[in-house]
Amino acid sequence: MGGVKRAAIRRLGKKHKADMLCIQETKREHIDKDMCQALWGNQNVGWEFLPSINSAGGLLCVWNEQVFKTVRRERGRGYILLEGVWTMKNQKTYIVNIYSPCDNRHKRELWESLKQLRQQDPEGLWCFLGDFNSIRHHSEREGVSHRGRQANSINEFNEWIADIEFEEIPSVGRQLTWFKPNETTKSKLDRFLVSLNWLLKWPSCTSVTLDRNFSNHCPILLGAKSFFFFFSQQK
């Protein structure tokens, strides 16, 4: 995540008046406060990161400390949990920034960890967001023809979502979020999944897939009185 990318992130955050940025695949083993302030554009910033491993993966959350007050933070393999209060509504929520591995065994391990997080407060307002490296329908992938193996993965992912009783926020704009450089293969890997109580609180919550810029993933914006904004970064 070099200076050019940080500047592009900062411009997008300001343009969309984001209160929180959740970034996947930073490919950085160390992130400091100066970098987060530069990314955010001022000093009123809270941050939490999960280091990359051998320059692979890595997660970062930065947010406006005047808008979101953290109560608890937790890091696990493939996720960052932020429990906090949106001050405008004095509403406690759980935000989980996710970068899922590609292989099925580690993916299932992550899903089980996330399920256990959810069980800590079944009535809470939860949002799981990020790169799940999974699709929910055959229409969410173009350029790949392994339909048999794909069907099993699709069913497993949808069963997990149903098991934790989450719903996906419908997206506006592009329906596919990840593109190979030559665009021969495209998929929808990035999404917002929320609990039913989240939807009861913010029934008009919307997700907008923005145009790609410096990454092979599209930025995605979530609007629900406050705004969360996230995108993946890959070389």
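Above this note sits the structure.
What comes next is a walk through the structure. Fair warning: this is a prediction, and the values are worked out from it, not measured in the lab.

### Observations regarding the environment of Lys-27
Okay, so step 1: Examined against the element boundaries, Lys-27 turns out to sit in the loop between β1 (20-24) and α2 (33-40).
Okay, so step 2: Engagement of the side chain of Lys-27 in a polar contact is seen with the side chain of Glu-25, the distance being 3.1 Å.

### Here's the deal with the environment of Lys-92
Okay, so step 1: Topologically, Lys-92 is positioned in strand β6 (residues 91-99).
Okay, so step 2: The partly exposed category is assigned to Lys-92, whose relative accessible area is 35%.
Okay, so step 3: When the C-alpha positions of Lys-92 and Val-71 are compared, they lie 9.0 Å apart, and in sequence the two are 21 residues distant.
Okay, so step 4: Setting aside chain neighbours within four positions, we find Lys-92 in contact with Glu-83, Gly-84, Val-85, Asp-121 and Leu-125.
Okay, so step 5: Among the polar contacts listed, one links the side chain of Lys-92 to the side chain of Glu-83, at a separation of 3.5 Å.

### Examining the sheet that holds strand β9 (residues 166-168)
Okay, so step 1: Strand order across the open sheet formed by six strands is β4-β5-β6-β7-β13-β9, with mixed pairing between neighbours. Of all strands in the sheet, those with a lone pairing partner are β4 (68-76) and β9, marking the two edges. Looking at each pair of strands side by side, their axes are set apart by 20 degrees on average, direction ignored.
Okay, so step 2: With six bridges connecting them, β6 and strand β7 (residues 126-131) associate as parallel partners. Counterpart to Ile-98 in the pairing with β7 is Gly-130.

### A word on the packing of aromatic side chains
Okay, so step 1: Summed over the entire model, instances satisfying the criterion amount to 12 aromatic pairs.
Okay, so step 2: Centroid distance Trp-111 to Phe-157: 5.6 Å. Interplanar angle 25 degrees. Geometry classified as stacked. With Trp-111 in helix α3 (residues 104-119) and Phe-157 in helix α4 (residues 147-163), this pair connects stretches of sequence that are 46 residues apart. This pair shows no difference in class: Trp-111 is buried, exactly as Phe-157 is.
Okay, so step 3: A cation over a ring is seen here: Arg-75 above Phe-49, with NZ or CZ 5.8 Å from the ring centre.

Definitions and cut-offs
Residues numbered from 1 in each chain as written. Predicted model: local features only at pLDDT ≥ 70, side-chain atom pairs only at ≥ 80, totals over all residues. Heavy atoms only, no water. Helix = DSSP H or I, 4+ residues; strand = E, 2+ residues; numbered from the N terminus. Polar contact = N/O pair within 3.5 Å; in protein donor to acceptor, adjacent residues only side chain to side chain. Buried < 20%, exposed > 50% of the residue type's maximum accessible area, 1.4 Å probe, protein only. Contact = heavy atoms within 4.5 Å. Pairing = 2+ DSSP bridges. Axes fitted to C-alpha atoms, helices over the stretch in contact; angles between N-to-C directions. Phe/Tyr/Trp six-rings, centres within 6.5 Å; stacked < 30°, edge-to-face > 60°. Lys NZ or Arg CZ within 6 Å of the ring centre and 35° of its normal.

Honestly, that's just the spatial picture; any functional story needs more than this.
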